[in-house]
Amino acid sequence: MKTEKKKTLRGSVLFTVVCVMALLIIFLTGTLALASAAGNRAHRSYSISQASYTARTAIESFTQAMKRDKGIEAAVEEMGSGSGKIKEMYPKVVIPDKTLGEIGYIDEHGDWVADRIKVEQLDNSEAYNFFPADNTGVSKWNKVEGVKVTATCKVGREYETVAAYIQKTASSGSKISPGGINGFQEVGGNHFPNGAMITGGLGVGIGNSAAEVYHVHNKQLIDTTLMFVNSNVVFGASDTHIYVHKPLDEDNAAKPYSQTVIKGNLLLEHGNNFIINEYDMTQNYTQAEIPYLFVEGVIAPTDEANYGLVTGNNSPFNVFAGTLYANATMTINADLYLMDKNDGTTIEAPYADRDGDAQKTMTYYKGQNFFGNKSGNKLYEWSTSVVQRTETQHNSTGGNIYCMGDLTLQQAEIHGDVRVQGNCTIKDGVTIYGDLVVAEHLQFDNNNINKIVKGQIYNSNHSGDESKTEVMKPGYSYHDNQLFPGVEEVPSRIFENNPIEVTEVSDQKMNHEPWHNEITYPDGSTEDLVWDHKTIYVQNGTENWWDAAPYYRITENGTEDQNTIVFDQYSKYAVDPDGHIMYLKDEDGNNVIGANGDPIAITVDSDFTYFKKNGTEYERIDEKDARGSYYTDPSGNVVGEGEAKNKVGAADIHDYSEYVKDHGSAYPASMEKDKIWGKYTAGGFEPSTDGKIVKTLQEVRKDLNLNDDGTFDGQYYMDVPDKYLTVPGDNTSLPNAFSGNSLNPSVAPSGYIEKSCIIGDESDYTKSYKLPIDKINIKASSEIWIVLKNVNMYNNKELIVDAASAKVNFLIDGDCRIDLHSLIRPSNYVNGMQVKYTDVWPIEYYATEGATLTFNDNSTCVGTFKAPTLTLDTSVAGEYEVTYLDEYGNIHPDPKKGEEVPLKPVIVGSCLADGMSQAKNSFSLINTTGGGKAGGGTSFKGTFGWYDVSYFMGV
């Protein structure tokens, strides 16, 4: 029976083991299936995204060909429903890099036809528009038709199709109705001598062909999604900040949340927390979704102040710079990519002052980077709460330096890796918490490379201490800033001096133009300080004054000496080793007697008096000779460094080839400038088509409906569209809004303007026209145009558009002025309201060639400016006090950020203009949707006319 029991027991154990193993097999199989599915999803997501991007690129290459090749454009024009017209065609489009996918289409037999896209007539697309179809200038109804362009891209096993519908001869005839404007966009120059507050977006010099110098002085607060500067930049103030936020509508927000692109050089003055991160990215992300600063040229401080290039909450951020010369104290919470190779050329970085006048040019060597300062520079890693998605083009956790050229480090703390494709020199005071990877020569100047680098070192060509490091011999000691042997430190006798009762008198800002600072002295005289500042200290009840706070000296005996005035808070006297005050001696060893008949005590600057013992005598010495850094042998004798140290083997430096085998080049190939942005070729600039991250000038121009070269011929209204004119092409054919001092009944039959008209003096357009009525109401049942011809809105004048009105377009013609508490506004923009970024106003502004608009003495315009030929000038804040809710959920004004209290914006909406000639004294633009956001389509001009392009995915 016992034997039978044991057999049963053995069978039970075997059954249990089999069951457990079966469960494990099932579990592991499921885990592998989940991992495989996740990998497949990631791969499919990447493939679909890449295929969509490549397909759209193929269509854009076709529309570009239409612009360049008259034959292709003519073929498109021939397509239509009439007899003999071309029905369809299959242009050849080849993508040279097959990793981006293969373009083609599937024919009627279901076969794949490579390297071809399909262009076909769009049936039932006929429509009629009123425009001049020929050179006669006479408008008539013309038939317009559409075509459909289809591109399919194959990436691996995934197919994605994109279609574009092209309408021939755009609906607006010879003029394209522009897309939406975001924030403040300038085709030409910009001048902010006194700073500004800009929300929404900021573009500078978008249409310029040559780089200028954009100088920002005093405080400028930039709360924008995109800042694009086609210029060199000098930030000349410590309170100029670019803020990075997370939009309220995070799910629908485009990433990256913030892009700052400077197509030139960036010079920093006077210390600055330049970019301030105030967003969190807790979800997965890719490199292309990380906010960034991109500077094509050099980033360089111009003085020794402290710079926070990127500060805040350590969320992911990338800094891309051609070259960095950070020889001032600088903190960067980011990854740092230095993109230039050292090719022996120089970078000329022009400098301009607050008035825009060029002062000098700073010269830097391209690709020769320097990061360090005697006070110490720091590069911090990101917070650890974020995870990169598997399809990202480069994985990083921040705090790294990636350098294509040469790099010198000194007094620098890097929390990540340092990876240098060129040469690297490490001087004193450097700590690298990650790895050090150097492709060319590594020089570490007798520093202990093992203590400098906490991670691994990869290099095949190094020098500086013959691959040796020095360590202290047993029994020897190093003394850091300590008293030398045989030196005695005696506390000096210290008294706090008695302050003289004074009144501080500072300069005052004079209330005249140009304003200056002026100080008044006790005798009534004044001094013009221009823009300098000065404070003096006036003795109460007298005309005595000093440049610093004065004190009555306390003598070595502790008594007040009212005959001796000093400017230090403390009087310090030398004391000998026996505790006695020391006095000045003459050559015979006698005390030197002062004017008051007393001996003159020896004063010192230090809290201690130092003596060196020579036998039985003490010799007083200076502090610089009393303490320092030195080595001692086991007996306590001072010895040199060479005697105190031995050379031993240096840290284990791995061959660079080991790193290349496992990781590729020191500088990640996927993050080179050509990949993330583009490159210059003989044919011009070519944006990257594989892994592009950085916004290009061509894309910004396209978003603003400018031509590729920055011009805008025909794409923005610079006169009233013919459909609103009695005589086509003649703005003066519009009726005048006024008949004498009253509204013209034909324009305003109900007491408010409701028809297109002119406000100005028809008899003499050269003179300034003052409005005869303080408040002019406007309400239209359909869209109207109002020409403002040399209008001067002075002293509480208002043009008020009813909130229920159809769109009202103002054409600014000549020199117009909005002055002394005057406004152009919708009726629902009122004092004390909260403006939201989603607010829409029924007002748009256009301008004739060379027009100007001057704001002065608290004046405001509400609406969207679409006026690339308009020059703005503003010298004060706006009229109404409002609060503003931006797209990030922030309420403005925010005094903690230095915003003006109260907030009185000059422009409420958005603005595209030629430029700002002056922006002084609290200029601000608060961005609203205005005329609407730019859509997914575009427009372009060919030989035969205009074409509107709209894109649709997956059709």
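Residues numbered from 1 in each chain as written. Predicted model: local features only at pLDDT ≥ 70, side-chain atom pairs only at ≥ 80, totals over all residues. Heavy atoms only, no water.

The next point concerns the nonpolar core. With 110 residues, the main nonpolar core has Leu293, Leu436, Ile753, Ile759 and Phe810 as its most contacted residues. Ranked by residues supplied to this core, first place goes to strand β71 (residues 860-874) with 5 residues. The contact partners of Leu293, leaving out residues within four places of it in the chain, are Thr260, Ile262, Leu266, Phe274, Ile275, Ile299, Leu309, Phe317, Asn318, Val319 and Phe320. Among the nonpolar cores identified, the runner-up in size contains 27 residues, and Phe294, Tyr402, Met404 and Ile676 belong to it. (Core = buried A, V, L, I, M, F, W, Y, C linked by side-chain atoms within 4.5 Å. Buried < 20%, exposed > 50% of the residue type's maximum accessible area, 1.4 Å probe, protein only. Helix = DSSP H or I, 4+ residues; strand = E, 2+ residues; numbered from the N terminus. Contact = heavy atoms within 4.5 Å.)

Looking now at the side chain of Arg701. Looking at the secondary structure, you find Arg701 in helix α8 (residues 697-703). One buried charged residue, Arg701, forms no salt bridge at all, with the nearest opposite charge on Asp709 at 6.0 Å. Within polar-contact distance, the side chain of Arg701 engages the backbone oxygen of Asp708 at 2.8 Å. Apart from the residues lying within four places of it in its own chain, the contact partners of Arg701 are Ile206, Gly207, Asn208, Asn230, Leu706, Asn707, Asp708, Asp709 and Gly710. (Lys, Arg positive; Asp, Glu negative; His and termini not counted. Salt bridge = Lys/Arg side-chain N within 4 Å of Asp/Glu carboxyl O. Polar contact = N/O pair within 3.5 Å; in protein donor to acceptor, adjacent residues only side chain to side chain.)

Let us look at the packing of aromatic side chains. One pass over the structure, following the stated rule, counts 29 aromatic pairs. Both rings, one in Tyr90 and one in Tyr105, keep their centres 4.7 Å apart while their planes meet at 20°; by these two values the pair is stacked. One end of the pair, Tyr90, is in the loop between β1 (88-89) and β2 (102-106); the other, Tyr105, is in strand β2, with 15 residues separating them in the sequence. Accessibility expressed as a relative area gives 27% for Tyr90, which makes it partly exposed. The class of Tyr105 is buried, set by a relative accessible area of 16%. (Phe/Tyr/Trp six-rings, centres within 6.5 Å; stacked < 30°, edge-to-face > 60°.)

Spatially, β41-β42-β43 is the arrangement adopted by the 3 strands of the open sheet, whose pairing is antiparallel. The sheet terminates laterally at β41 (508-509) and β43 (526-530), the two strands that pair on one side only. (Pairing = 2+ DSSP bridges.)

The peptide bond linking His892 to Pro893 adopts the cis configuration, its omega dihedral lying at 5°. Checked against the element boundaries, Pro893 lands in the loop between β73 (891-892) and β74 (907-919). Despite not being glycine, Asn790 shows a phi value in the positive range, around 50°. Relative to the helices and strands, Asn790 is located in the loop between β62 (784-789) and β63 (791-794). The exposure class of Asn790 is buried, given its relative accessible area of 9%. Positioned with a positive phi, Leu820 is a non-glycine residue whose angle comes to about 55°. In this fold, Leu820 is placed in the loop between β66 (815-819) and β67 (823-826).

With that settled, consider the sheet that holds strand β50 (residues 617-621). Strand order in the open sheet made by the 3 strands is β37-β49-β50, with antiparallel pairing throughout. The open sheet has two edge strands with one neighbour each: β37 (487-491) and β50. Across the sheet, the axes of successive neighbouring strands diverge by a mean angle of 35°, strand direction being ignored. Two strands pair when backbone bridges link them, and β37 and strand β49 (residues 608-614) are joined in this way by 5 bridges, in the antiparallel orientation. Following the sheet pairing, Glu489 is matched in β49 by Tyr610. (Axes fitted to C-alpha atoms, helices over the stretch in contact; angles between N-to-C directions.)

It is worth spelling out the confidence of the model for the chain at this point. Of all residues in the chain, 83% attain a pLDDT of 70 or more, and the chain-wide mean is 82. For residues 170-179, every residue scores under 50 in pLDDT, and the model assigns this stretch 34 contacts once sequence neighbours within four places are set aside. Segment residues 930-937 is flagged for pLDDT under 50; beyond a separation of four residues in sequence, or across chains, it makes 20 contacts in the model. (pLDDT = per-residue confidence, 0-100.)

By the criterion of burial, strand β17 (residues 272-277) is predominantly enclosed, with 5 of the 6 residues buried. Relative to strand β19 (residues 306-312), β17 runs parallel, the two sharing 5 bridges. Residue pairing for β19: Asn272 is matched across the bridge by Tyr307.

Next up on the list: the pairing of strand β47 (residues 560-566). Here strand β46 (residues 551-554) runs beside β47; their pairing, made up of 4 bridges, is antiparallel. Counted as the bridge partner of Tyr552 is Ile565 from β47. The turn joining β46 and β47, which pair antiparallel and follow one another in sequence, is formed by 5 residues; a positive phi near 90° is taken by Gly558.

This part covers the environment of Ser922. Inspection of the secondary structure assignment puts Ser922 in the loop between β74 and β75 (924-927). By relative accessible area, which is 28% here, Ser922 ends up partly exposed. The sequence separation of Ser922 and Ala196 amounts to 726 residues, and the corresponding C-alpha distance is 6.0 Å. Those residues in contact with Ser922 that lie beyond four places of it in its chain are Ala877 and Glu900.

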